[in-house]
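Report on the structure
Spelled out from the first residue to the last, the chains are:
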Amino acid sequence: MLATPSPETRAEQVDMHELAPYVDAPRLRDARSGADGVVLTWEDGTEARLPWLWLRDHCACTACRHPQTRERLVLPRATVAPASEMHLTDGHLQLTWPDGHESRFDGGWLHQRRPGQAAASPLPAPRPWDDAYRLERIRHADFTGSATGERAWLEALIRDGLVLLEEGPLADEEVSRLATRIGPLRATNFGARFDVQSKPNPNNAAYTAIGLALHTDLPNWQHPPAIQLLYCLENDAEGGESLFADGYQVAETLRREDPEAFRLLSETPIDFRFQDEEQDIAICAPILACNADGRVVEVRFNNWIRDTLRLPAEVIEPWYRAYHRFWTLLHEPRHQLDLSLRPGDMIAFDNRRVLHGRAAFDPNTGRRHLQGTYLDRDMLESRLRVLARQP
Ligand code: OGA
Ligand code: ZN
Ligand code: ZN
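Note that the structure is a prediction, hence the values are computed from the model and not measured.

As for the overall build of the protein
Assigned secondary structure in the protein consists of 9 helices and 23 strands. Sequence-distant contacts, at least 24 apart, represent 73% of the contacts inside the protein between residues at least 6 apart. Split by element, the accessible area of the protein, about 18800 Å² in all, is 49% carbon and sulfur. Side chains of the protein give 45 positive and 59 negative charges; the mean places of these two sets differ by 2 Å.

This is the structure we're talking about:
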């Protein structure tokens with residue numbers, strides 16, 4: 001069966017119940033069917049074969065996709081008979097199945113989703129810091145006043161794991177207002193919103209005036225919060241400079257310079273634990289987690305809440321050596337970014353990638369007050385996809 005294309009240009013798109021744009025694609029020129037599916041050819045010469053099963057499963061009619069929720073209603077089958085009729089109309093594919101069911105597919109939508117094609121994504125790839133890395137700075141007014149500013153902030157955070165917002169108002173809860181533009185605040189045992197200042201009965205090293213060596217927050221959680229926002233309201237005490245290091249970059253340095261240490265930290269789960277009167281939150285996980293391609297995707301590093309090291313006796317000393325090596329690399333000046341937060345600044349970072357810390361401050365010389373919250377990375381990515389719907 002060979003469908004004849006109609007000569008005129010694509011009139012309008014087929015509603016695939018899809019909010020991301022799919023118009024901007026070459027026109028579908030040719031469709032040939034066989035026992036194992038349809039071979040499609042677009043104007044730019046791209047060719048793809050789509051099995052009948054796939055086509056039936058992706059029917060976008062209102063019986064197969066809910067018209068309001070856009071969710072799939074059709075169940076996949078184990079086999080499906082080839083369509084009994086096929087037409088190519090205005091660059092779109094139209095199929096009639098043996099049971100009479102009709103499916104229409106937008107040619108641009110099919111082009112975006114053809115096999116072997118990576119999903120189109122507006123999300124930048126994470127880029128480990130290198131010598132050329134510079135902290136991206138965005139003005140508060142640009143973030144709140146324009147989609148371009150907000151996009152630049154989201155992109156920098158996903159790409160570099162760190163971004164600075166500057167010149168914001170000195171307003172209580174501004175951090176929550178900014179965060180909720182992106183998504184719901186991610187609550188933890190320290191609350192949905194926390195104040196970092198020295199407190200009388202601290203339950204956490206951050207609530208004292210002591211220096212904080214580089215760490216990630218809450219590695220004792222199964223899913224540590226990904227995005228941390230720290231909004232500076234006051235910072236006139238002596239000291240208290242912020243420190244950052246890219247866990248992805250330093251893990252790669254470790255892999256290069258000390259592969260055995262890298263192997264131990266990435267393959268050996270250790271215990272992390274926080275305990276107070278109400279909570280006992282614990283997990284056993286490695287310091288460095290790699291994905292199936294061997295790329296480091298998550299860093300858990302917080303010396304305060306490391307629990308008892310329960311390892312076979314012969315692994316204990318090699319593990320400490322590896323841990324110490326990673327610690328030393330993290331704190332080397334070549335890996336470290338120092339920054340003095342000014343009132344009205346908000347630093348945001350990927351807490352599962354970029355480690356943060358601060359120099360000690362002297363509470364007798366002035367006040368230091370940050371307000372913080374967390375967001376899930378899902379919300380960041382979602383916001384960027386939504387903003388990218390408008391070109
Ligand atoms: C924290 C923290 C850093 C700072 O609250 O987890 O690390 O600059 N604070 O006080
Ligand atoms: Zn259908
Ligand atoms: Zn912290």
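Describing the pattern of salt bridges
Tallied over the entire structure, the rule returns 34 salt bridges. With a shortest N-O distance of 3.1 Å, Arg113 and Glu18 are connected by a salt bridge. Of the two residues, Arg113 sits in the loop between α2 (107-112) and β8 (137-139) while Glu18 sits in the loop between β1 (2-3) and β2 (28-34), which places them 95 residues apart along the sequence. For Arg113, a relative accessible area of 27% translates into the label partly exposed. The shortest N-O distance in the salt bridge between Asp307 and Arg273 comes to 3.9 Å. Linking Asp307 in the loop between β18 (296-299) and α8 (313-330) with Arg273 in strand β15 (residues 270-275), this pair joins segments that are 34 residues apart in sequence. Look at Arg273 and you get partly exposed, because its relative accessible area is 27%. Beyond isolated ion pairs, a larger network of salt bridges with shared partners links Glu257, Asp258, Arg321, Arg325, Glu332 and Arg334.

Quick notes on the side chain of Gln371
Along the polypeptide, Gln371 turns up in strand β23 (residues 368-375). Using a relative accessible area of 2% as the deciding quantity, one classes Gln371 as buried. In this structure the side chain of Gln371 is engaged in a polar contact, spanning 2.9 Å, whose partner is the backbone nitrogen of Glu173. A polar contact of 3.1 Å, which involves the side chain of Gln371, links it to the side chain of Asp195. Residues within four places of Gln371 in sequence aside, it is in contact with Asp172, Glu173, Glu174, Val175, Arg193, Phe194, Asp195, Leu229, Leu230, Tyr231 and Leu233.

Comments concerning the sheet that holds strand β19 (residues 336-339)
Reading across from one edge, β11-β21-β14-β19 is the order of the 4 strands in this open sheet, with antiparallel pairing throughout. Each having just a single partner strand, β11 (212-215) and β19 make up the two edges of the open sheet. Sheet twist, expressed as the mean angle between neighbouring strand axes with direction ignored, is 15°. Where strand β14 (residues 242-246) meets β19, 4 bridges bridge the pair, whose relative direction is antiparallel. Across the sheet, Ser242 pairs through a bridge with Leu339, a residue of β19.

Points about the coordination of the zinc ion (ligand 2)
Protein ligation of the zinc ion (ligand 2) involves Cys59 (SG), Cys61 (SG), Cys64 (SG) and His101 (NE2), the donor distances falling in the range 2.1 to 2.3 Å. Here the zinc ion (ligand 2) binds 4 donor atoms, and the angle range of 103 to 114° at the metal identifies the geometry as tetrahedral. For the zinc ion (ligand 2), all donor residues lie on one chain, and their spacing in sequence is C-x1-C-x2-C-x36-H. You can see Cys61 sitting in the loop between α1 (52-57) and β5 (85-89) and its partner His101 sitting in the loop between β6 (92-96) and β7 (102-105), a full 40 residues away along the chain.

As for the site of ligand 1
Ligand 1 sits among Val196, Ala206, Leu212, His215, Asp217, His356, Arg358, Arg368 and Leu370. Measuring from an oxygen atom of ligand 1, one finds a side-chain N or O atom of His215 at 3.1 Å. Here Arg358 contributes a side-chain N or O atom positioned 2.8 Å from an oxygen atom of ligand 1. Burial of ligand 1 by the protein chains amounts to 96% of its free accessible area of 290 Å². Counting residues per element, the ones that place at least two in the shell around ligand 1 are β11, β21 (354-358) and β23.

Digging into the pairing of strand β10 (residues 193-196)
The side-chain alternation of β10 yields two buried faces, one formed by Arg193 and Asp195 and the other by Phe194 and Val196. Bridge count for β10 against β23 is 4 bridges, and the pairing is antiparallel. Within β23, the position partnered with Arg193 by the bridge is Thr373.

Regarding the packing of aromatic side chains
Counting across every chain of the model gives 14 aromatic pairs. Judged by centre distance (5.0 Å) and plane angle (75°), the ring pair of Phe143 and Trp153 falls under edge-to-face. With a gap of 10 residues between them, Phe143 in helix α3 (residues 140-145) and Trp153 in helix α4 (residues 147-160) connect regions that are remote in the sequence. For Phe143, a relative accessible area of 1% gives the class buried. Chaining the aromatic ring pairs together yields one cluster made of Phe301, Trp319, Tyr320, Tyr323, Phe326 and Trp327. For Arg306, the ring lying beneath its charged end belongs to Tyr323, and the centroid distance is 4.8 Å.

Scoring rules and cut-offs
Residues numbered from 1 in each chain as written. Chains lettered and ligands numbered in written order. Predicted model: local features only at pLDDT ≥ 70, side-chain atom pairs only at ≥ 80, totals over all residues. Heavy atoms only, no water. Helix = DSSP H or I, 4+ residues; strand = E, 2+ residues; numbered from the N terminus. Contact = heavy atoms within 4.5 Å. Areas by Shrake-Rupley, 256 points an atom, 1.4 Å probe, with all protein chains shown as cover. Lys, Arg positive; Asp, Glu negative; His and termini not counted. Charge placed at Lys NZ, Arg CZ, Asp CG, Glu CD. Salt bridge = Lys/Arg side-chain N within 4 Å of Asp/Glu carboxyl O. Buried < 20%, exposed > 50% of the residue type's maximum accessible area, 1.4 Å probe, protein only. Polar contact = N/O pair within 3.5 Å; in protein donor to acceptor, adjacent residues only side chain to side chain. Pairing = 2+ DSSP bridges. Axes fitted to C-alpha atoms, helices over the stretch in contact; angles between N-to-C directions. Donors = N, O, S within 2.8 Å, 3.2 Å for Na, K, Ca; no water. Tetrahedral: all angles 85-135°; square planar, octahedral: opposite > 155°, others 65-115°. Near = heavy atom within 4 Å. Phe/Tyr/Trp six-rings, centres within 6.5 Å; stacked < 30°, edge-to-face > 60°. Lys NZ or Arg CZ within 6 Å of the ring centre and 35° of its normal.

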